[in-house]
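Report on the structure
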Amino acid sequence: MKPWITVDTWVPAAGKPLVLQERDGVYVIRVGGQELMSSLAHGSEEAMARVALGSSAPGTAPNLSPAATPGGRRVLVGGLGLGFTLRATLDALAPSDAVTVVEISEAVIAWNRGPLAHLAASPLSDARVTVVASDLVAYIAATTDRFDAILLDVDNGPVAMSHATNAYLYQARGLAALRNLLRPRGTLVIWSAGPDRQFENVFAAAGFTVTAESVATRPGTRARHVLFVGRRV
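Since this is a predicted model, take the numbers as computed values, not measurements. (Residues numbered from 1 in each chain as written. Predicted model: local features only at pLDDT ≥ 70, side-chain atom pairs only at ≥ 80, totals over all residues. Heavy atoms only, no water.)

1. Here we look at the packing of helix α1 (residues 43-53) against helix α2 (residues 84-92)
Heads up, the rule is: Between N-to-C directions, angles span 0 to 180 degrees; the directions come from axes that are lines fitted to C-alpha atoms, helices contributing only their stretch in contact. Helix and strand definitions follow DSSP, with helices as H or I runs of at least four residues and strands as E runs of at least two, each counted in order from the N terminus. Left-handed is the label given to a crossing in which the near helix is rotated counterclockwise from the far helix by less than a right angle, and right-handed is the label when the rotation is clockwise. A contact between two residues is defined here by any heavy atoms of the two lying within 4.5 Å. Under the grouping applied here, Gly and all other residues not named as nonpolar or charged are polar, the nonpolar ones being Ala, Val, Leu, Ile, Met, Phe, Trp, Tyr, Cys and Pro and the charged ones Asp, Glu, Lys and Arg.
Between α1 and α2, the least distance of the axes is 7 Å, while the angle of their chain directions is 35°. The two elements α1 and α2 cross, and the hand of that crossing is right-handed. Two secondary-structure elements touch here, α1 through E45, E46, M48, A49 and L53 and α2 through F84, T85, A88, T89 and A92. The residue inventory of the contact of α1 with α2, partitioned by class, reads 6 nonpolar, 2 polar and 2 charged.

Quick look at the structure:
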């Protein structure tokens, strides 16, 4: 088997280095030797846009809310990753809509503009996209923007988090803060590595009607991830 080729390494001021590697056209991002994400499996990331925005054809306005939003619809994507969620979101939106992407890692943003850009057809080059290099918790506390949909994929989900500071996003206060960023009847989709019935109850108690959808990580595999879908009530 061919060895992994290191494309780039980013050493943060604090914490473990972030490493981008490639082998036979497959890209992975690792931290501390552990794989964070891979371009081989992104079905659940793309499904986030599908469940949040509906099944509208690319370039047409999805049914995000019962009434059109003046100036176009707004979507917040928390976590850029390899760009697949952002690409699926853009493909579901109309030209007048807009997406804000919040990503804490400047390296991930730079890689999506460079060696990773081709994976998801260069979504950061789309004029509808605004990129914010920030911790999502800090962004939520500071922004005055409101959104029709929020897609949250900044960690492994409510359990087995890789960053303890993200715990707030999956707790009652964090979910309430995310709800306050949604327009009436807006949708919050949260990616998770697996099911969590207790979290579903916490999610619902924050003012959402909640469903859990099991989705394949990629076609032809039994591996599944879970999307928690909350509609603001």
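On we go from here.
2. Topic: the side chain of T217
Counted only if it meets this: Using a 1.4 Å probe on the protein chains alone, a residue whose accessible area is under 20% of its type maximum counts as buried, one over 50% counts as exposed, and one in between counts as partly exposed.
Take T217: it is sitting in the loop between β10 (208-216) and β11 (224-232). You can call T217 buried: its relative accessible area is 7%. With residues up to four places along the chain from it excluded, the contact list for T217 reads A41, H42, G43, S44, A223, R224 and H225.

3. Here we look at helix α6 (residues 197-205)
Note the cut-off: Regarding the arc, it is the one traced by the directions from the helix axis to the C-beta atoms. In protein, a polar contact requires one atom able to donate a hydrogen and another able to accept it; more generally it is a pair of N or O atoms within 3.5 Å, and residues adjacent in sequence count only if both atoms are side-chain atoms.
Those residues of α6 that fall on the buried side of the exposure criterion are F199, E200 and F203. Relative to the axis of α6, the buried residues are bounded by an arc of 105° and lie together on one face. In α6, the exposed positions that point more than 90 degrees away from the buried face belong to R197, Q198, N201 and A205. Those residues of α6 that are buried lie in contact with α5 (172-180), β9 (182-192), β10 and β11. Two to three positions downstream of the cap, the backbone nitrogen of Q198 sits 3.2 Å from a side-chain oxygen, assigning the N-cap of α6 to D196. G207 occupies a position one or two residues after α6 and carries a positive phi of about 105°.

4. Side note on the side chain of N112
For N112, the position within the fold is in helix α3 (residues 106-113). Looking at N112, its side chain comes within polar contact range of the main-chain oxygen of G81, at 2.9 Å. Other than its neighbours up to four places away in sequence, N112 contacts L80, G81, L82, G83, A117 and L124.

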